[in-house]
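Each chain, written out:
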Amino acid sequence: MQTVTLLGATGSVGTSTLDVIERHPDRYHLHALTAHTSVEKMLALCLKHRPEHAVMGTEETARQLSAALEKQSVATCVSWGEQALCDVAAAAEMVVAGIVGAAGLMPTLSAVRAGRRILLANKEALVMSGALFMREVARSGAVLLPLDSEHNAIFQCLPREHRGGLERHGITRLLLTASGGPFRDHDRATLSQVTPEQACAHPNWSMGRKISVDSATLMNKGLELIEACWLFDATPDQIEVVVHPQSVIHSMAAYSDGSVLAQLGNPDMRTPIAHALAWPERIDAGVAPLDLFTVARLDFQAPDLESFPCLRLAREAMTAGGTAPAVLNAANEVAVDAFLAGTLGFTDIPTVVETVMSRIKTQGADELDMILSHDRLARREAQDVIEALAATAAG
Ligand code: NAD
Ligand code: MG
């Protein structure tokens with residue numbers, strides 16, 4: 001029996017994780033569930049899963065949850081805020097990092113520092129703090145397993161020991177597949193008119209709103225490129241992005257003898273989640289078997305970097321190193337929020353990110369303080385750029 005803390009229990013990754021965990025009550029015990037705002041959803045989860053701890057985003061939501069649980073005589077202990085997230089993340093044997101965005105950084109780092117098994121979905125945490133994050137993993141002996149389907153696929157295609165540079169293990173390239181998102185074949189003129197609803201309707205995956213927009217701009221693939229560099233000791237030029245609209249091949253590793261290993265499966269997050277939960281064993285994930293006759297064909301094309309500049313920007317940020325990926329990430333989070341709120345156009349998302357990146361000088365990112373201060377700086381700059389764009393549009 002292993003204890004699990006699920007950060008971001010009410011989200012898309014959280015829901016898929018609970019679905020897998022429920023199938024294996026003999027293997028996993030929920031230490032803690034966390035959610036940001038939804039008392040109602042969290043109450044339902046606590047009634048069903050009876051975790052020892054529940055963490056909410058604010059004192060008020062924690063109070064509401066606590067009162068509702070008391071009424072139902074449920075003994076779950078309720079707390080709130082970042083320190084509580086860090087505490088529950090450090091206390092379980094396994095931690096599923098399923099919070100979206102920079103908000104997941106401190107709790108995920110807390111699990112890393114406590115030497116836990118971390119199942120990483122929250123790519124933004126690694127993108128922001130890559131070198132520091134990986135140094136802490138090495139120091140604490142934490143086991144870092146990727147939940148992101150592409151990285152989980154690559155992990156499965158690599159030899160068990162793959163640290164120290166890909167070439168040492170005969171690996172020449174990592175092929176990161178991308179569905180291309182809902183606007184794969186749109187031209188720039190049509191792209192500028194797309195709405196949040198259209199952006200969130202992903203053809204193959206059902207996901208949270210932020211990652212859905214990132215998938216539509218290809219920033220998700222850019223963040224994943226950075227994530228892959230850190231997870232697998234790769235350089236940006238060892239990673240090739242391949243658009244593969246069916247999302248059946250989840251990514252590949254190419255070897256010096258010409259072999260290319262791929263992991264295939266239905267596009268269902270329960271597969272990588274079950275893989276990482278049970279690794280190195282295998283468990284049932286509740287996923288339908290892959291029917292290749294229904295899939296029928298697998299297509300591949302090069303990404304369109306002209307229409308989707310975010311992928312280029314992410315590659316540039318990783319190459320620049322230091323605080324540049326944290327700046328890219330923060331500017332993107334603010335721009336995506338503004339797009340979802342209807343105050344920024346879809347094609348202005350990369351404009352905001354590129355402008356912010358050009359305005360902030362990259363520094364070394366060895367210290368957490370430096371990363372966090374660049375995150376804040378980039379958010380302020382992004383707000384300024386968005387306001388200036390709105391003023392130009394109005395005038
Ligand atoms: P989501 O929006 O569905 O869920 C986010 C979760 O984080 C919710 O439980 C929410 O309560 C919590 N949360 C949000 N803001 C918070 C804050 N400020 N403090 C504390 N908690 C907060 O998102 P998702 O689609 O489940 O994605 C979660 C993470 O997993 C993202 O980093 C995403 O990139 C990554 N990921 C998701 C998928 C997927 O299929 N959904 C696949 C690969 C990677
Ligand atoms: Mg992914």
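These numbers were taken from a predicted model, which means no experiment stands behind them. (Residues numbered from 1 in each chain as written. Chains lettered and ligands numbered in written order. Predicted model: local features only at pLDDT ≥ 70, side-chain atom pairs only at ≥ 80, totals over all residues.)

Undergrad: If you had to explain the sheet that holds strand S8 (residues 171–178) to someone new, which residues and values would you point to?
TA: Pairing is mixed in the open sheet, where four strands are placed in the order S9-S8-S10-S11. Bordering the open sheet on either side are strand S9 (239–243) and strand S11 (260–264), each of which pairs with just one other strand. Mean inter-strand twist for the sheet, computed between neighbouring axes without regard to direction, equals 20°. Direction of pairing for S8 relative to strand S10 (residues 249–255): antiparallel, over a ladder of four bridges. Its bridge partner being in S10, Leu174 is matched across the sheet by Ala253. In the packing of helix H11 (residues 219–232) onto the sheet, contacts are made with S8 and S9, and the angle to S8 comes to roughly 150°. (Pairing = 2+ DSSP bridges. Helix = DSSP H or I, 4+ residues; strand = E, 2+ residues; numbered from the N terminus. Axes fitted to C-alpha atoms, helices over the stretch in contact; angles between N-to-C directions. Contact = placed C-beta atoms within 7 Å.)

Undergrad: I'd like a rundown of the nonpolar core, residues and numbers included.
TA: If you look at the biggest cluster of nonpolar residues, it comprises 124 residues, and the most contacted ones within it are Leu119, Ala314, Ala331 and Ala335. Considering each element in turn, this core owes the most residues, eleven residues, to helix H15 (residues 324–340). In this structure, Ala314 is in contact with Met219, Gly222, Leu223, Leu225, Ile226 and Leu328, ignoring residues within four places of it in sequence. (Core = buried A, V, L, I, M, F, W, Y, C linked by C-beta atoms within 7 Å. Buried ≥ 20, exposed ≤ 12 C-beta atoms within 10 Å, placed from the backbone.)

Undergrad: Now, about unusual backbone geometry: what can you tell me, with residues and values included?
TA: Residue Pro280 follows Trp279 across a cis peptide bond; omega there is 5°. As for its position among the elements, Pro280 is in the loop between helix H12 (270–278) and helix H13 (292–295). Positive phi is not limited to glycine here, since Arg50 has a value of about 50°. Its place among the elements puts Arg50 in the loop between helix H2 (39–49) and strand S3 (53–56). On the basis of neighbour count, Arg50 is assigned to the partly exposed category, with 13 C-beta atoms found within 10 Å. The phi angle at Ser251 is positive, at roughly 160°, despite the residue not being glycine.

Undergrad: Account for the sheet that holds strand S6 (residues 117–120), with residues named and values stated.
TA: One open sheet accounts for seven strands, arranged S4-S3-S2-S1-S5-S6-S7; its pairing is parallel. At either end of the open sheet lies a strand with only one pairing partner, and these are strand S4 (77–80) and strand S7 (143–146). Sheet twist, expressed as the mean angle between neighbouring strand axes with direction ignored, is 20°. One ladder, built from four bridges, connects strand S5 (residues 94–97) with S6; its direction is parallel. From the neighbouring strand, Val95 faces S6, where its bridge partner is Ile118.

Read these as spatial facts, not as claims about activity.
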